Amino acid sequence: RVGAAFLATCPRVRFSRWLGRVAVGVPWGPGGPSRRLLARDLGADSYQDGLAVVFGTHYRRLFADPRMRVLFDPADPDTDVSALEHGARLAATLLDLWHGARLYPSLGRGSAFANVGRAHARAKRCPLNQPKPPETPDQKGQQQQQQKKKKKGLGPSFHFSEAQRDAWLGHVLLSAEECGCSEELRHQVGRFLGARIHAYGPFREKLT
């Protein structure tokens, strides 16, 4: 509910097919928080670490949420890491986008843009996130049609749900609040992410 309500207040950045691939220096839509605001809320000398803790808390909440836990495949070594490690990756990615900090390469993981794309593709295709088996003949027919689309990358099992989208954003806001971030910082981070979250659609209405 928190995520859905906040998302309704966010402008929607329109990505063209080409612009959606830009990795850094995003000039359109709401910007991210300034260094000054991050330093004020998270520590002048360690706001990168502070932001990593905020997003580490975010991932801890995702792991505890049944809607979101199914997006993380424990059999994948790049996915099966601690919440804080996931948080550090996301914090570095955002600081690079906001300030051109080039922190993500310092993690020894190569391109943030390429890795973010692969991570979302893995999450959409996670075996734990697949539709439930059909229970009736009609559902079985629908399932067969979905499997045909799935081979082309079009099936509903290859999309996040609207509930997952809203929960992801809601957990960002609640994690920032839990970590003591000011309303100003929560609002700026939330609007930056909320304005761009549609790039990971289309979203299906239900998980099943």
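Values in this document were obtained by computation on a predicted structure and should not be read as measured data.

## Some remarks on the overall build of the protein
Tallying secondary structure elements over the protein gives nine helices and zero strands in all. Secondary structure elements of the protein occur, N-terminal to C-terminal, as α-α-α-α-α-α-α-α-α. Each of the 208 residues in the protein was classed as buried or not, and the buried ones make up 40%. A sequence separation of at least 24 residues applies to 72% of the contacts in the protein between residues at least 6 apart.

## Observations concerning the nonpolar core
Soluble, globular proteins show a tendency: their nonpolar side chains are buried together. In terms of nonpolar packing, the biggest core is built from 42 residues, with Leu38, Leu42, Leu51, Phe55, Leu94, Trp98 and Leu193 touching the most fellow members. Looking at this core, the elements that each hand over two or more residues are helix H1 (2–7), helix H2 (35–42), helix H3 (47–64), helix H5 (83–99), helix H6 (112–125), helix H8 (162–178) and helix H9 (183–196). With eight residues, the top contributor of residues to this core is H5. Non-local contacts of tryptophan 98, meaning those with residues more than four positions away in its chain, are made with Gly32, Pro33, Leu38, Leu51, Val189 and Phe192.

## Here's the deal with unusual backbone geometry
Following glycine 201, the chain continues to proline 202 via a peptide bond in cis, the omega torsion being 0°. If you trace the backbone, proline 202 turns up in the segment after H9. Even without a glycine there, the phi angle at arginine 102 is positive, about 55°. Along the chain, arginine 102 turns up in the loop between H5 and H6. Judged by relative accessible area, which is 63%, arginine 102 ranks as exposed.

## Some points on the state of the cysteines
Note on terminology: a disulfide is the covalent bond linking the sulfur atoms of two cysteines. A full pass over the atoms with the stated rule returns zero disulfides. Of the cysteine sulfurs around cysteine 179, a residue in no disulfide, the closest is that of cysteine 181, at 6.0 Å.

Parameters and conventions
- Residues numbered from 1 in each chain as written.
- Predicted model: local features only at pLDDT ≥ 70, side-chain atom pairs only at ≥ 80, totals over all residues.
- Heavy atoms only, no water.
- Helix = DSSP H or I, 4+ residues; strand = E, 2+ residues; numbered from the N terminus.
- Buried < 20%, exposed > 50% of the residue type's maximum accessible area, 1.4 Å probe, protein only.
- Contact = heavy atoms within 4.5 Å.
- Core = buried A, V, L, I, M, F, W, Y, C linked by side-chain atoms within 4.5 Å.
- Disulfide = S-S within 2.5 Å.

Coordinates in, geometry out; function isn't part of it.
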